[in-house]
Amino acid sequence: MYEPIRTKSVHSAMAADAHARIPHRSREEELDIQLSGHLAALLAVTDELGLTSAGDAIARQIARLRGGMPPVRHAGLSGASAASLHDRAHALAGRALVVAASRADTAAAILAAERMDAHSAALTAS
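Everything quoted here is computed from the prediction, not taken from an experiment. (Residues numbered from 1 in each chain as written. Predicted model: local features only at pLDDT ≥ 70, side-chain atom pairs only at ≥ 80, totals over all residues. Heavy atoms only, no water.)

Asker: What is the right way to read the nonpolar core from this model?
Answerer: One broad trend across soluble globular proteins is that nonpolar side chains are buried collectively. Residues Leu 35, Leu 39, Leu 42, Val 45 and Ile 58 are the most contacted members of the largest nonpolar core, which totals 23 residues. When residues of this core are traced back to their parent elements, those giving at least two are α2 (27-49), α3 (52-65), α4 (82-102) and α5 (106-125). Beyond its immediate sequence surroundings of up to four residues, Leu 39 is in contact with Ile 58, Gln 61, Ile 62, Leu 65 and Ala 96. (Core = buried A, V, L, I, M, F, W, Y, C linked by side-chain atoms within 4.5 Å. Buried < 20%, exposed > 50% of the residue type's maximum accessible area, 1.4 Å probe, protein only. Helix = DSSP H or I, 4+ residues; strand = E, 2+ residues; numbered from the N terminus. Contact = heavy atoms within 4.5 Å.)

Structure, rendered in structure tokens:
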């Protein structure tokens, strides 16, 4: 009949080598990257709305998540209406809140919740 294989497969050895060479991030690092990305998008919309103090608070959180590296501030305008910008900012703040809660980041969660409230109030006022 058949004789059992006594040596390791060439393919499994290659896969193990490839796995060792690929850098892997922890769950916390991945959540930090996601959160800083959502906050950076929120910062762009916030800057477009002209909300300087809110933008500064968001920029501080992004810098904290990135290890002190300050974010690039948004300079371009999309030409969207204020209502659609507030709607977009509300959605982005909601995404940031979900990720902040997932990584148990109280400061970012509070900031995201405050921004959601502010943009919700702006939407109902208009």
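Asker: What is the right way to read the environment of Gln 61 from this model?
Answerer: Mapped onto the elements, Gln 61 comes out in helix α3. Taking the C-alpha atoms as reference points, Gln 61 and Ser 36, separated by 25 residues in sequence, lie 7.9 Å from one another. Those residues in contact with Gln 61 that lie beyond four places of it in its chain are Leu 39, Ala 107, Ala 108 and Leu 111.

Asker: Would you mind showing me how to read the environment of Gln 34 here?
Answerer: Mapped onto the secondary structure, Gln 34 falls in helix α2. Each C-alpha atom of the pair Gln 34 and Arg 95 lies 9.4 Å from the other, and the pair is 61 residues apart in sequence.

Asker: Explanation requested: the packing of α4 against α5 in the structure shown.
Answerer: For the pair α4 and α5, interaxial distance at closest approach is 8 Å and the crossing angle is 155 degrees. In terms of their interaxial angle, α4 and α5 are classed as roughly antiparallel. Here α4 runs over α5; the crossing is left-handed. In this structure, α4 contributes Ala 83, His 86, Asp 87, Ala 89, His 90, Ala 93, Gly 94, Ala 96, Leu 97 and Ala 100 to the contact, and α5 contributes Ala 108, Ala 109, Ala 112, Ala 113, Arg 115, Met 116, His 119, Ser 120, Ala 122 and Leu 123. (Axes fitted to C-alpha atoms, helices over the stretch in contact; angles between N-to-C directions. Parallel < 35°, antiparallel > 145°, perpendicular 65-115°, else oblique. Left-handed = near helix turned anticlockwise from the far one by under 90°.)

Asker: What exactly am I supposed to notice about α2 here?
Answerer: Within an α-helix, residues lying three or four positions from one another point in the same direction, as the helix has 3.6 residues per turn. When the terminal C-alpha atoms of α2 are compared, their 33 Å separation across 23 residues agrees well with the 33 Å that a helix rising 1.5 Å per residue should span. Contact partners of the buried residues in α2: α3, α4 and α5. Following α2 by one or two positions, Gly 50 adopts a phi angle in the positive range, close to 80 degrees. (Expected span 1.5 Å × (residues − 1).)

In short, the description is geometric, and any link to function would need to be established separately.
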